[in-house]
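Tertiary structure, described
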Amino acid sequence: MGQPTDSFGEDAVTSWDVAGFEELYASVGEDLDQVPWARMGPNPTLVEWLDTRPAPPGRALVIACGLGDDAEELARRGHRVTAFDLSETAIGWCRKRFPQSDVDYQVADLLDPPAQWAGAFDLVVELYTIQSLPLGTRPQAVAAVAAPVAAGGALFVRCFARPDDAPVDVRPWPVSRAELGWFTGEGLTEVSLAEDVTESGTRFFVGVYRR
Ligand SMILES: C[S@@+](CC[C@H](N)C(=O)[O-])C[C@H]1O[C@@H](n2cnc3c(N)ncnc32)[C@H](O)[C@@H]1O
């Protein structure tokens, strides 16, 4: 993995103080640039990985897809994409921004997903959701991210990183290597786990797993 190329959250992510994600999406109105993680384009680290990935397109699931750019990138590459978010406003924006899209956008809860998604996807993409959920739900969140990966399928994860022994006191609650290790307890094998550090010192993990 190359140098970090996206800088989500370095300052803006800790500056919002509304109650939840739906409230945040609703509060910005038409001004989507005010959504702290919105880049109005696909995640560069995901794109870099997809560019080097030999696997053919298949069924893909984008977890907590936000405004839809990563889902659209996968669809552009030929994947049959389902993408979901808990926020109705976010999913509304996906449909509005990409009216011709082949992506199946759905409002759904990662922690209570449709049963038919279990083991149904050749590629699952998770960007910045585990870190966004309350710490008490982290084991459940890791299990829920792993569950849709089909036999032989892959999981791509990017998240804020923290050392195993570091306290998690500031939202968005960075993820530790030990917590990412829980994916192996969910039947996945770690293919790679890299750490990026931006110039300002923000640390990210990029993990690839396979079932
Ligand atoms: C930090 S944002 C990242 C969005 C997107 N993955 C990206 O990289 O631009 C976290 C997203 O998780 C969504 N979210 C939070 N809790 C969720 C849940 N339980 N199920 C599904 N989505 C959830 C939020 O609405 C928000 O869109």
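Residues numbered from 1 in each chain as written. Predicted model: local features only at pLDDT ≥ 70, side-chain atom pairs only at ≥ 80, totals over all residues. Heavy atoms only, no water.

Things to note about the site of the ligand
- With respect to spatial proximity, 18 residues lie near the ligand, and among them Y25, A64, D85, D109 and L110 are the closest.
- Contact between the ligand and L110: a nitrogen atom at 2.8 Å from a main-chain N or O atom of the residue.
- Here the ligand, which alone exposes 600 Å², has 95% of that area covered by the protein.
- For the shell around the ligand, the elements supplying multiple residues, two or more each, are helix 1 (21-27) and strand 2 (80-85).
- The residue makeup of the shell around the ligand, split by class, is 12 nonpolar, 4 polar and 2 charged. (Near = heavy atom within 4 Å. Polar contact = N/O pair within 3.5 Å; in protein donor to acceptor, adjacent residues only side chain to side chain. Areas by Shrake-Rupley, 256 points an atom, 1.4 Å probe, with all protein chains shown as cover. Helix = DSSP H or I, 4+ residues; strand = E, 2+ residues; numbered from the N terminus. Nonpolar A, V, L, I, M, F, W, Y, C, P; charged D, E, K, R; others polar.)

A short note on the pattern of salt bridges
- According to the stated counting rule, one finds 11 salt bridges in the structure shown.
- Between E30 and K96 there is a salt bridge; the shortest N-O distance is 3.6 Å. Of this pair, E30 sits in the loop between helix 1 and helix 2 (44-51) while K96 sits in helix 4 (residues 88-97), and the two are 66 residues apart along the sequence. For the pair shown, E30 and K96 are each scored as exposed.
- The salt bridge partner of D51 is R77, with a shortest N-O separation of 2.8 Å. You can see D51 sitting in helix 2 and its partner R77 sitting in the loop between helix 3 (69-76) and strand 2, a full 26 residues away along the chain. (Salt bridge = Lys/Arg side-chain N within 4 Å of Asp/Glu carboxyl O. Buried < 20%, exposed > 50% of the residue type's maximum accessible area, 1.4 Å probe, protein only.)

Comments concerning the packing of aromatic side chains
- The tally for this structure, following the rule as stated, stands at 9 aromatic pairs.
- Following the ring pairs from residue to residue traces out a cluster consisting of F21, Y25 and W37. (Phe/Tyr/Trp six-rings, centres within 6.5 Å; stacked < 30°, edge-to-face > 60°.)

Topic: the pairing of strand 3 (residues 104-107)
- With 4 bridges connecting them, strand 2 and strand 3 associate as parallel partners. Among the inter-strand pairings, F84 is bridged to a residue of strand 3, identified as Q106.
- For the handedness criterion, the β-α-β arrangement of strand 2, helix 4 and strand 3 is classed as right-handed. (Pairing = 2+ DSSP bridges. Right-handed = clockwise from strand over helix to strand, strands pointing away.)

A closer look at unusual backbone geometry
- In this structure, Y128 takes a positive phi of about 70° despite not being glycine.
- Relative to the elements of secondary structure, Y128 occurs in the loop between strand 4 (121-127) and helix 5 (138-146).
- You can call Y128 buried: its relative accessible area is 8%.
- A positive phi angle is found at W173, which is not glycine, with a value near 50°.
- With respect to the helices and strands, the residue W173 is situated in the loop between strand 5 (149-162) and strand 6 (175-176).

Some points on the nonpolar core
- By size, the foremost hydrophobic cluster in this structure holds 28 residues, and its most contacted members are L155, L180, F183 and Y209.
- Secondary-structure elements contributing two or more residues to this core are strand 1 (59-63), strand 4, helix 5, strand 5 and strand 8 (203-210).
- Not counting residues up to four positions away in its chain, the partners in contact with L180 are V157, C159, V175, L193, F205 and Y209. (Core = buried A, V, L, I, M, F, W, Y, C linked by side-chain atoms within 4.5 Å. Contact = heavy atoms within 4.5 Å.)

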